[in-house]
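In case you want the letters, here they are:
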Amino acid sequence: MIRRILYNFFQGRNGFDSIAKLTLWLAVIFALPAMFGGVTGLVFNGISMVLMVYTWWRVLSRNVYKRQAEVRRYFDRTAGIRQKLRNLKTRVSQRREYKFFTCPTCHTMLRVPRGKGKIQITCRKCGNRFSGKT
Ligand SMILES: [Zn+2]
């Protein structure tokens, strides 16, 4: 019964897309310093409220086509930073076995096994050579 009502309610609406998830998280994060009170607390509380309202407006929006276009733009614009976060995750999880270098010419992340001493590293993308200590 409740499932049916919820289903009908969200039918034709945008739902929790990637942007809504992000703004919901930000709303929660901004709500934390708001607990300390004072003027700063009020400001954070205000930001959190705005983010919360925006999140729900997105979730309930019936203009799904436009919201999806916004998500595509959001992914396009954050491609660089999302790649950096993925690289960081790889570095952290493999830091014991590998040493990571960034090519000084093209800034590609390069992975080299640890414990090989001072070696010549050749960039797999641009062919630039540089030395590094593993
Ligand atoms: Zn390179």
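Residues numbered from 1 in each chain as written. Predicted model: local features only at pLDDT ≥ 70, side-chain atom pairs only at ≥ 80, totals over all residues. Heavy atoms only, no water.

Caption draft 1: Examining the overall build of the chain more closely. Along its length, the chain carries five helices and four strands. Starting at the N terminus and ending at the C terminus, the chain contains elements arranged as α-α-α-α-α-β-β-β-β. Relative to a compact globule of 134 residues, whose C-alpha radius of gyration would be 14 Å, the chain shows 23 Å and is clearly more extended. Each principal axis of the C-alpha distribution contributes one length, and for the chain these read about 65 × 40 × 30 Å. Across the 134 residues of the chain, 24% fall into the buried class. Summarising the internal contacts of the chain: among those between residues at least 6 apart in sequence, 38% fall at separations of at least 24. Accessible surface for the chain amounts to roughly 10200 Å². Of this, 62% is attributable to carbon and sulfur atoms. Put simply, the chain has 27 plus and 4 minus side-chain charges, and the middle of one group is 7 Å from the middle of the other. (Helix = DSSP H or I, 4+ residues; strand = E, 2+ residues; numbered from the N terminus. Rg over C-alpha atoms; globule rule 2.2 N^0.38 Å. Buried < 20%, exposed > 50% of the residue type's maximum accessible area, 1.4 Å probe, protein only. Contact = heavy atoms within 4.5 Å. Areas by Shrake-Rupley, 256 points an atom, 1.4 Å probe, with all protein chains shown as cover. Lys, Arg positive; Asp, Glu negative; His and termini not counted. Charge placed at Lys NZ, Arg CZ, Asp CG, Glu CD.)

Caption draft 2: Representation of the coordination of the zinc ion. Distances from the zinc ion to its protein donors, Cys 103 (SG), Cys 106 (SG), Cys 123 (SG) and Cys 126 (SG), fall within 2.2 to 2.3 Å. Coordination at the zinc ion is tetrahedral, judged from the four donor atoms that bind it and the angles of 108 to 112° they form at the metal. The motif formed by the donor residues of the zinc ion, counted along the single chain, is C-x2-C-x16-C-x2-C. On the criterion of sequence distance, the pair formed by Cys 106 in the loop between strand 1 (98-102) and strand 2 (109-113) and Cys 123 in the loop between strand 3 (118-122) and strand 4 (129-133) is long-range, its members being 17 residues apart. With relative accessibility at 3%, the residue Cys 123 sits in the buried group. (Donors = N, O, S within 2.8 Å, 3.2 Å for Na, K, Ca; no water. Tetrahedral: all angles 85-135°; square planar, octahedral: opposite > 155°, others 65-115°.)

Caption draft 3: Up close: the layout of surface pockets. As a volume, the largest pocket reaches approximately 180 Å³. Contributing to the lining of the largest pocket are Gly 80, Gln 83, Lys 84, Asn 87, Leu 88, Arg 91, Thr 102, His 107, Thr 108 and Met 109. When residues in the lining of the largest pocket are grouped by element, the largest group, six residues, is from helix 5 (residues 79-94). Of the residues that constitute the lining of the largest pocket, the class distribution is two nonpolar, six polar and two charged. (1 Å grid on protein atoms, 1.4 Å probe; cavity = no way out; pocket = protein on both sides within 12 Å on 5 of 7 lines; lining within 4 Å. Points joined across faces, edges and corners; volume = space filled by probe spheres on them. Nonpolar A, V, L, I, M, F, W, Y, C, P; charged D, E, K, R; others polar.)

By themselves, these are just geometric observations and shouldn't be taken as functional.
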